[in-house]
Amino acid sequence: MGSCECPALLLLLSLLLLPLGLPVLGAPPRLICDSRVLERYILEAREAENVTMGCAEGCSFSENITVPDTKVNFYTWKRMDVGQQAVEVWQGLALLSEAILRGQALLANSSQPSETLQLHVDKAVSSLRSLTSLLRALGAQKEATSLPEATSAAPLRTFTVDTLCKLFRIYSNFLRGKLTLYTGEACRRGDR
């Protein structure tokens, strides 16, 4: 095996193991800085959103689910320090993970859950676990917890959703918005 094949093989192996939520030994700690990795998760989220857009039966929840607000004020975001951005992303990812898990439970308790819908929800659960691991390797959790109380970010803005389509839209928007902005800045800093 040639020396140029090893990094490509390592990247491929890492991408195959990450959806399982397993830590990948020997994987580069800044794997999330490779735009192809985040794009893969965004593509899956968009695919799930598209599948549920026309869904009427089995896509409504029996209760409202709290999700993070995904709107980004770019002026305010650029003025935030990376630690404050990390807090917002880490809290948003945690709330989004809870929301997807709650959606998964509600879908499982429905009369006849669609296999396709269940597959997309299961993929989202796995992807969020992997993204959490990737952000932890990037230092986002450490950055988020090391902020002094006085400089911590404002409380996370939230709202509720009542359908799987809206949940996947929030998921997709979060990945394309705040998560992409944060990882881009954290990766550019390069001092992690």
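Refer to the structure presented above.
Analysis parameters
Residues take numbers from 1 onward in each chain, read along the sequence in its written order. Thresholds applied to this predicted model are a pLDDT of at least 70 for local features of residues and 80 or more for the giving and counting of side-chain atom pairs; totals over whole chains, interfaces and linings are not thresholded and use all residues. Hydrogens and waters are ignored; side-chain quantities use all the structure's heavy atoms. Elements are defined by DSSP. Helices are runs of H or I of four residues or more, strands are runs of E of two residues or more, and each kind is numbered from the N terminus. For every residue, the accessible area obtained with a 1.4 Å probe (protein chains only) is divided by the maximum for its type, and the residue is called buried under 20%, exposed over 50%, and partly exposed between those limits. Only heavy atoms enter the contact rule, under which two residues are in contact if any of them lie within 4.5 Å. Only the protein chains shown count as cover for residues, with accessible areas throughout obtained via the Shrake-Rupley method and a probe of 1.4 Å. One less than the residue count of a helix, multiplied by 1.5 Å, gives the span that helix is expected to have. In protein, a polar contact means a hydrogen-donor-capable atom and an acceptor-capable atom, both N or O and within 3.5 Å, with residues adjacent in sequence counting only if both atoms are side-chain atoms; elsewhere, any N or O pair within 3.5 Å suffices.

**Student:** Tell me about the overall build of the protein chain, and name the residues and values.
**Tutor:** When its secondary structure is counted, the protein chain shows seven helices and two strands. For the protein chain, the residues scored as buried account for 44% of the 192 residues in total. Restricting the contact set of the protein chain to residue pairs at least 6 apart, pairs at least 24 apart contribute 85%. By element, 56% of the accessible surface of the protein chain is carried by carbon and sulfur atoms, the whole surface being about 10400 Å².

**Student:** Describe helix H4 (residues 82-108), with residues and values.
**Tutor:** Residues lying three or four places apart along an α-helix face the same way, a consequence of the helix completing one turn every 3.6 residues. Helix length check: H4 (27 residues) gives 38 Å between terminal C-alpha atoms against 39 Å at 1.5 Å per residue, within 8%. One side-chain oxygen at the N-terminal end of H4 lies 2.7 Å from the backbone nitrogen of Gly83; it belongs to Asp81.

**Student:** Outline the side chain of Thr70, supporting the account with residue identities and numerical values.
**Tutor:** As for its position among the elements, Thr70 is in the loop between strand E1 (60-68) and helix H3 (74-79). Ignoring anything within four residues of it in the chain, the contact list for Thr70 reads Ile170, Asn173, Phe174 and Lys178.

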